[in-house]
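One-letter residues, chain by chain:
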Amino acid sequence: MLASRCEAPAGSPTRPLIPADVRLRGVSWVAADSTTEDEILALQRNHVTWISQTPFGWQADSAAPEVVLHTGGGRQRRMFWGEADSGLVHTARLARRHGIRTLLKPHLWLRSRGQWPGQIQMRTAADWQAWFASYSRFILHYAELAERHHMEALCIGTELKHAAVEHEPEWRRLIQAIRQVYHGQLTYAANWHEEYEGIRFWDALDFIGVQAYFPLSPRPQPDTAELRQAWQPHLQAIARVQQRYGKPVVFTEAGYRSIPTAAAAPWEWPDPRKPTPEDDATQAVCYEALFRACWRQPWFGGLFIWKWYPGMPPDATGRRRTDYTPQHRPAEQVMARWYALDHE
C-alpha cells in the first residue's frame with residue numbers, strides 16, 4: 001500500500017518515492033451482475049494487484065445542485081449489482097482473498113445527454129453550497145462503506161474540474177470530514193486537461209490521481225519511439241506538480257482503444273455511428289510506450305488500466321472489438337509483462 005509519507009525527496013532522480021514492488025498494478029473493474037472466483041484469478045494471472053470499483057451518483061444536469069445516491073436497496077432505480085453496495089463489498093472481499101486490493105472510485109453521471117462531470121458549474125454561490133452539501137453526503141456514504149469493509153483506498157472525486165479547481169476550501173473541509181470516518185489512503189482523480197495542474201489540495205491527500213488520457217500523436221499507427229517522445233512534455237508537467245506537493249502520482253485511469261488512431265485523442269469513447277477499423281497492434285504499441293515512458297519514473301505510483309470486463313469471452317464481438325479493454329489482445333500481454341516486473 002502507498003505510504004502517506006515518502007522517504008525520498010520529491011525530485012529524486014534515482015530513488016523512487018515508493019518501492020517498485022508495491023506500485024499499484026491496477027485495472028478499472030466494470031460492474032456486472034456477479035463476480036466469480038475465476039474472474040479474479042484471471043487478474044492474478046496478469047499480475048494485477050489492485051482493482052478500482054465505480055459506483056455512481058446521479059445528477060440531472062451540470063447545473064443541478066443535487067447528487068442522488070443509489071445504494072441498491074429498496075425501490076431505487078435499476079442498477080448493476082456490481083455498482084450496488086452489496087456488489088462492491090462482495091467483489092472487494094473476493095479480490096482481497098486473492099491478494100488484490102480495492103480503490104473505491106465513485107463517479108457522477110449526468111443524465112442530460114452530452115454532458116460530463118467536468119462541466120458541472122453552479123449558477124450561484126447558494127447552489128454551490130447546496131451542491132457541496134449533497135456531494136458530501138454522497139461521498140461520505142462511500143467513505144463509511146470503505147471503512148466498514150476494509151477497502152484499501154478511496155477516490156474522493158473524479159473529473160470535477162470547476163468544483164475541484166475553484167473551490168479549494170470546500171474540498172479541504174470535505175477531506176477532513178472523510179478522514180474522520182475513513183482511515184485508508186485518499187486520492188482525487190483529476191482530468192489530464194486543465195485540471196490536475198490547477199488543484200491546490202493535493203497536499204491533503206495521499207497520492208495525486210491523474211486521468212491520463214494525454215494526446216500523443218495524430219498519426220494512424222505511430223511507433224513506440226514516436227509515442228515515447230510525445231510523452232516527454234506531459235511527464236515534465238506531471239513532475240512539476242509532483243515536486244510541489246511531494247506525493248506519488250497514480251494514473252487513476254489510462255487506456256487506449258484498439259483503433260489505428262488510438263494515440264490521437266484517447267479520451268474519446270467509441271461512437272456506434274462511426275465504425276472504426278480494429279487495430280490491436282496500435283493499441284499494444286500505445287501500451288508499450290506508456291509503460292516505457294512512465295513505469296521507471298521515481299514519482300510514479302502505478303496505474304489503473306481502463307477497462308476490464310469480468311468474464312469477457314475471447315470471441316467478443318461488436319463495439320468491444322474497438323473498445324478500451326486489453327483483454328484477449330496483445331495489449332493484455334504487454335500489461336502483464338510490465339506488471340510482473342519487480343513484483344514476483
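Residues numbered from 1 in each chain as written. Predicted model: local features only at pLDDT ≥ 70, side-chain atom pairs only at ≥ 80, totals over all residues. Heavy atoms only, no water.

Draft legend 1. Inspection of the layout of surface pockets at higher detail. There is about 160 Å³ of room inside the second largest pocket. Forming the boundary of the second largest pocket are Asp38, Glu39, Ala42, Arg45, Asn46, Trp308, Tyr309, Gly311, Met312, Gln327, His328 and Glu332. For the lining of the second largest pocket, the per-class residue count stands at four nonpolar, four polar and four charged. (1 Å grid on protein atoms, 1.4 Å probe; cavity = no way out; pocket = protein on both sides within 12 Å on 5 of 7 lines; lining within 4 Å. Points joined across faces, edges and corners; volume = space filled by probe spheres on them. Nonpolar A, V, L, I, M, F, W, Y, C, P; charged D, E, K, R; others polar.)

Draft legend 2. Quick peek at the sheet that holds strand S6 (residues 107–110). Spatially, S4-S3-S6 is the arrangement adopted by the three strands of the open sheet, whose pairing is mixed. Looking along the sheet, the strands with just one partner apiece sit at the ends: strand S4 (68–69) and S6. In this structure, strand S3 (residues 56–59) lies alongside S6, joined through four bridges in parallel fashion. The partner of Gly57 across the bridge, within S6, is Leu108. (Pairing = 2+ DSSP bridges. Helix = DSSP H or I, 4+ residues; strand = E, 2+ residues; numbered from the N terminus.)

Draft legend 3. Representation of the packing of aromatic side chains within the structure. Following the criterion strictly, the structure yields 32 aromatic pairs and no others. Centroid distance Phe56 to Trp58: 6.2 Å. Interplanar angle 45 degrees. Geometry classified as tilted. Each member of the pair, Phe56 as well as Trp58, is classed as buried. Ring plane angle 80 degrees and centroid distance 5.8 Å describe the contact between Tyr188 and Phe201, whose orientation is recorded as edge-to-face. Placement of the pair is Tyr188 in strand S8 (residues 185–191) and Phe201 in the loop between S8 and strand S9 (208–211), with a sequence separation of 13 residues. For Phe201, a relative accessible area of 0% translates into the label buried. One aromatic cluster in this structure is built from Trp192, Tyr196, Phe214, Trp231, Phe251, Trp267, Phe291, Trp295, Trp299, Phe300, Trp338 and Tyr339. A cation over an aromatic ring shows up here: Arg23 above the ring of Trp295, its NZ or CZ 4.8 Å from the ring centre. (Phe/Tyr/Trp six-rings, centres within 6.5 Å; stacked < 30°, edge-to-face > 60°. Buried < 20%, exposed > 50% of the residue type's maximum accessible area, 1.4 Å probe, protein only. Lys NZ or Arg CZ within 6 Å of the ring centre and 35° of its normal.)

Draft legend 4. Representation of helix H1 (residues 37–45) within the structure. Buried within H1 we find Glu39, Ile40, Ala42 and Leu43. The arc enclosing the buried residues of H1, seen along the axis, measures out at 150 degrees, which places them on a common side. Opposite the packed face of H1, turned more than 90 degrees from it, sit the exposed residues Asp38 and Arg45. Looking one or two residues beyond H1, the residue adopting positive phi is His47, at roughly 65 degrees. (Arc of directions from axis to C-beta.)

Draft legend 5. How the structure looks around the pairing of strand S1 (residues 24–29). Counting buried positions along S1 gives six out of six residues, so the element sits mostly inside the fold. In the sheet, S1 pairs with strand S11 (residues 300–308) via five bridges, with the strands oriented parallel. Bridge pairing in S11 links Leu24 to Gly302. Pairing of S1 with strand S2 (residues 50–53), which is carried by three bridges, proceeds in the parallel orientation. Within S2, the residue paired with Gly26 across the bridge is Trp50. Following the chain from S1 across H1 to the adjacent parallel S2, one finds a crossover that is right-handed. (Right-handed = clockwise from strand over helix to strand, strands pointing away.)

Draft legend 6. Region of the structure containing the nonpolar core. Trp131, Trp171, Tyr188 and Phe251 are the most contacted members of the largest nonpolar core, which has 92 residues in total. Counting residues per element, this core draws most heavily on helix H3 (residues 125–148), which supplies ten residues. Once residues lying within four places of it in the same chain are set aside, the contact partners of Phe251 are Val210, Ala212, Trp231, Ile238, Leu290, Cys294, Phe300, Gly302, Leu303 and Phe304. Formed by nine residues, the second largest nonpolar core is a distinct cluster that contains Leu24, Ala189, Phe207 and Phe304. (Core = buried A, V, L, I, M, F, W, Y, C linked by side-chain atoms within 4.5 Å. Contact = heavy atoms within 4.5 Å.)

Function-wise, these values are silent; they only describe arrangement.
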